[in-house]
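Fold and contact review
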Amino acid sequence: MPDTTQPANKRSITLFNNTIQITGLLRLDGSIIEINDTALEFGGLERDNVVNEQFDEISWWTHSEEVKKGIQDAIAQARDGGFVRYETEARGADGLRTIEVSVKPVTNENGKVIQLIVAGYDITDKQRQREHLRVLHRLMRHNMRNDLMKVNGWTQMAATAVSREERMSHANRVKNILDS
């Protein structure tokens, strides 16, 4: 039986280490067989300090019992043959980041789960952009609604004004609102 605790060859190691995602290979007990350079850089970690350690004990997950429990649950589900994907907070070298984590079982030719692949994408910046756009849209809707209410009010006042000066004054206010 081939050694399943090591990557197959140098080409697979290069591919493994040249991805933008955090990637690791785990034993069924959750201990780390291999972890890529991206993951080590993210956490400010050294390979020798994490290989053979429990994945849920890495500093990424230890800032919160809830986060640690989420990783433990994901590993357990994948060990039972399930695929897990969810968002969580991880503590990297640059502080807390939002990570989309996935844990996938690796099976042998008989369908038996033999290892687990963990992957993570740092989605912090994308999530911040979405939130920024959401706030910007809310602000624009609010300002537009206010301006439309002003236009409606000044237009009604212009329509019912007795003198030409009043109508022109109200019309100018409407124009200024629309120009802004």
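Calculation rules
- Just so you know, the residues in each chain are numbered from 1, in the order the chain's sequence is written.
- With the structure being a predicted model, the display of local features is reserved for residues of pLDDT at least 70 and the display and counting of side-chain atom pairs for 80 or more, all residues being used for whole-chain, interface and lining totals.
- In computing side-chain properties, one takes all heavy atoms of the structure into account and sets aside hydrogens as well as water.
- What makes a salt bridge here is a side-chain nitrogen of Lys or Arg within 4 Å of a carboxyl oxygen of Asp or Glu, nothing more.
- Starting at the N terminus, helices and strands are each numbered in turn, a helix being any DSSP run of H or I of at least four residues and a strand any DSSP run of E of at least two.
- Buried, partly exposed and exposed residues are distinguished by accessible area as a fraction of the type maximum, computed with a 1.4 Å probe on protein chains only: under 20%, between the cut-offs, and over 50%, respectively.
- Stacked, tilted and edge-to-face pairs are distinguished by plane angle, under 30 degrees for stacked and over 60 for edge-to-face with tilted covering the rest, among Phe, Tyr and Trp rings (Trp via its six-membered ring) whose centres lie within 6.5 Å.

Some words on the pattern of salt bridges
- Counted according to the given criterion, the structure contains 7 salt bridges.
- Note that Asp 37 is salt-bridged to Arg 47, the shortest N-O span being 2.4 Å. Within this pair, whereas Asp 37 is found in helix H2 (residues 37-43), its partner Arg 47 is found in helix H3 (residues 47-50), the two being separated by 10 residues in sequence.
- Taking the relative accessible area as the measure of exposure, Arg 47 reaches 24% and is therefore partly exposed.
- A salt bridge links Asp 125 to Arg 97; the nearest nitrogen and oxygen atoms lie 3.5 Å apart. With Asp 125 in helix H5 (residues 124-160) and Arg 97 in strand S4 (residues 95-107), this residue pair connects regions lying 28 residues apart in the sequence.
- For Asp 125, a relative accessible area of 46% translates into the label partly exposed.
- Exposure remark for Arg 97: the relative accessible area of 17% places this residue in the buried category.
- Members of the salt-bridge network, linked through shared partners, are Glu 34, Asp 37 and Arg 47.

Thoughts on the packing of aromatic side chains
- Counted under the stated rule, the structure contains 4 aromatic pairs.
- Measuring from centroid to centroid gives 5.7 Å for Trp 60 and Trp 61, while their planes differ by 85°, and the two rings are edge-to-face.
- A residue is classified by how much of its surface remains accessible, and Trp 60, at 1% relative accessible area, is buried.
- The class of Trp 61 is buried, set by a relative accessible area of 3%.
- Connected via pairs of aromatic rings, a cluster forms that spans Phe 42, Phe 55, Trp 60 and Trp 61.

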